[in-house]
Structures are given as C-alpha cells and as structure tokens.
Amino acid sequence: MNNRIRELRARHNMTQDDLARKVNVRRETIVFLEKNKYNPSLRLAYDIAKVFGITIEEVFLFESET
Amino acid sequence: MLYNSNFVLDLNNINMKRSVLVFLVAGLVLLTSLLWMVNSAGMADLTDTIQFGVIGLLVAFAVFIGFRRLKSERRGEPAEDELSKSILQKTAAFSYYISLYLWVAMIYIKDRVNMDTEQLLGTGILGMAITFALCWLILNFRGMRHE
C-alpha cells in the first residue's frame, strides 16, 4: 500500500509534528507511514484523510491501483 | 509535579507514570547489579563481568526507551500509539518464540559446560532480555509494512 501523506502534508504546509498531533500519534508513526514501513489502522487512515479533507482512497493507494 | 524549565513532569498522568516506572525499574536493576558486584568483589570471574556488562547495556536500552517516551510527551504526542503498541506486541511474540529455543539450548549446554545453576539461570534470563531488545530494535528499524 502506498500513500500521498508527504505530498498532502507539503500542500497543506504542515510538518510531521503538526500532523502527528492532529491525529494523536507519535511523529515516528508519520515517518514510518511516509516511508511505507507501516500500514495504518482504518481509524488512523480515516483520521489522516479527515485532516486533509479528502477520502481515504485519495490518501492511501493500494498496489493494484498504482 | 516536578518542574524543569518549560517541561512539566505530571505524575498524575498515567503515561508519565509509566515512563517514570521504566526509569525506576532500570535504576533498581542497576542498583541490584552494583550490590552483586560489590559483594563479589575479587571473586567475580569472566562470566560475571560479561553478565554485568550485558546488564549495563540493557539498562541503557531501558533508559533510552524512557527518554523516548518523555520526549514524545514533551512534544504533546502520546507516549504510546498504535505503531509502538503493535511493535511491542510483535516483539513480545517473537522474543517468546526465540526464548523457547534459547532454553532448549541452555539445557543442552548445561550437561556439557561446567556452570553453576545460578549462572545458567542468569545467563538464560539475560539471553531473554537481549532477545527482546534485539527484536524491538529490528522491528523498529524494519517497520511493520505487511501487517
């Protein structure tokens, strides 16, 4: 599973710390997500998509779709 | 509450309590090991010295974990989140599995090496602790991509 978190974060002028605080996780979790080293729970995926004001499918891309 | 510059050590906070507990346990382990070293001064052999060194490394690892938790708290982030919890769960599962083989190896070694029962048990327990620390480091570095 790939994601566009880094791109969306840059577009919203947000640091990893800002995003981590908004979705109530540690900054390392955001780092792992951006490096595709961790697949988030549905809850976290939903929270991240909500912060960017888009749907989960627009943030997280499954390998068969990319 | 203990105040240190702009950082507040809130001991009513459950996560903060857990972080302090990590330091407390590490301190107790170090203190007990120091007592053991002082009592066996002059009688400590190479195995004891190696064991003490390994305990030192494990205490350093615990202190590192404690500081990591406090750093997260200071940034206004949770000390534990879903990633750290799943890494911890997987570490526990892996290290348990490896520990079973470790103890089988220790039983095999017991009949072939001249070691006291206490030394053997101590080595086994230290081996378990090292296994846990190594599994945690590997999972933390590798990530949990396919979970």
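What this report covers is the structure whose coordinates are included nearby. From a predicted model like this one, the values you see are computed outputs, not experimental measurements. (Residues numbered from 1 in each chain as written. Chains lettered and ligands numbered in written order. Predicted model: local features only at pLDDT ≥ 70, side-chain atom pairs only at ≥ 80, totals over all residues.)

### Notes on the overall build of chain A
When helices and strands are counted, chain A shows five helices and two strands. Along chain A, from the amino end to the carboxyl end, the secondary structure elements read β-α-α-α-α-α-β. For chain A, the C-alpha radius of gyration of 11 Å lies close to 11 Å, the compact-globule estimate for 66 residues. In terms of principal-axis extent, the alpha carbons of chain A reach across some 30 × 20 × 20 Å. When each of the 66 residues of chain A is scored for burial, the buried share is 21%. (Helix = DSSP H or I, 4+ residues; strand = E, 2+ residues; numbered from the N terminus. Rg over C-alpha atoms; globule rule 2.2 N^0.38 Å. Buried ≥ 20, exposed ≤ 12 C-beta atoms within 10 Å, placed from the backbone.)

### Description of the packing of helix H2 (residues 46-74) of chain B against helix H4 (residues 117-142) of chain B
Residue and element names in this part refer to chain B. The N-to-C vectors of H2 and H4 enclose an angle of 30°; their axes lie 11 Å apart at closest approach. What the angle tells us is that H2 and H4 run roughly parallel. The handedness of the crossing between H2 and H4 is left-handed. Along the contact surface, H2 presents Thr47, Gln51, Val54, Leu58 and Phe61, while H4 presents Gln119, Gly122, Thr123, Leu126, Ala129, Ile130 and Ala133. When its residues are assigned to classes, the contact of H2 with H4 shows seven nonpolar, five polar and no charged. (Axes fitted to C-alpha atoms, helices over the stretch in contact; angles between N-to-C directions. Parallel < 35°, antiparallel > 145°, perpendicular 65-115°, else oblique. Left-handed = near helix turned anticlockwise from the far one by under 90°. Contact = placed C-beta atoms within 7 Å. Nonpolar A, V, L, I, M, F, W, Y, C, P; charged D, E, K, R; others polar.)

### Quick notes on the interface of chain B and chain A
Contact residues are listed per partner, giving 13 residues for chain B and 15 residues for chain A. Looking at the side of chain B that touches chain A element by element, the count peaks at three residues for helix H3 (residues 82-110) of chain B. Taken together, the residues of the side of chain B that touches chain A break down into three nonpolar, four polar and six charged.

### A few points about helix H3 (residues 27-34) of chain A
Note: α-helices contain 3.6 residues per turn, so residues at a spacing of three or four share the same orientation. Buried within H3 of chain A are the following residues: Thr29, Ile30, Phe32 and Leu33 of chain A. For H3 of chain A, the angular spread of buried residues about the axis comes to 160°, placing them on one side. Elements that come into contact with the buried residues of H3 of chain A comprise strand S1 (2-3), helix H1 (5-11) and helix H2 (16-22) of chain A together with H3 of chain B. (Arc of directions from axis to C-beta.)

### Side note on the nonpolar core
Counting residues in hydrophobic clusters, the biggest one holds 13 residues, and the most contacted among them are Ala20, Val23, Ile30 and Leu33 of chain A. Breaking this core down by element, the ones donating at least two residues are H2 and H3 of chain A together with H3 of chain B. Broken down by element, this core gets its largest block of residues, three residues, from H3 of chain A. Each residue touching isoleucine 30 of chain A, except ones within four places of it in the same chain, is listed here: Gln16, Leu19, Ala20 and Val25 of chain A. (Core = buried A, V, L, I, M, F, W, Y, C linked by C-beta atoms within 7 Å.)

### Quick notes on H4 of chain B
All names here are of chain B. In this model H4 runs 37 Å from its N-terminal to its C-terminal C-alpha over 26 residues, within 8% of the 38 Å that 1.5 Å per residue would give. Among the residues of H4, Phe132, Ala133 and Cys135 are the ones counted as buried. Residues of H4 that are buried sit in contact with H2 and H3. In the segment just after H4, glycine 143 is the residue with positive phi, at about 85°. (Expected span 1.5 Å × (residues − 1).)

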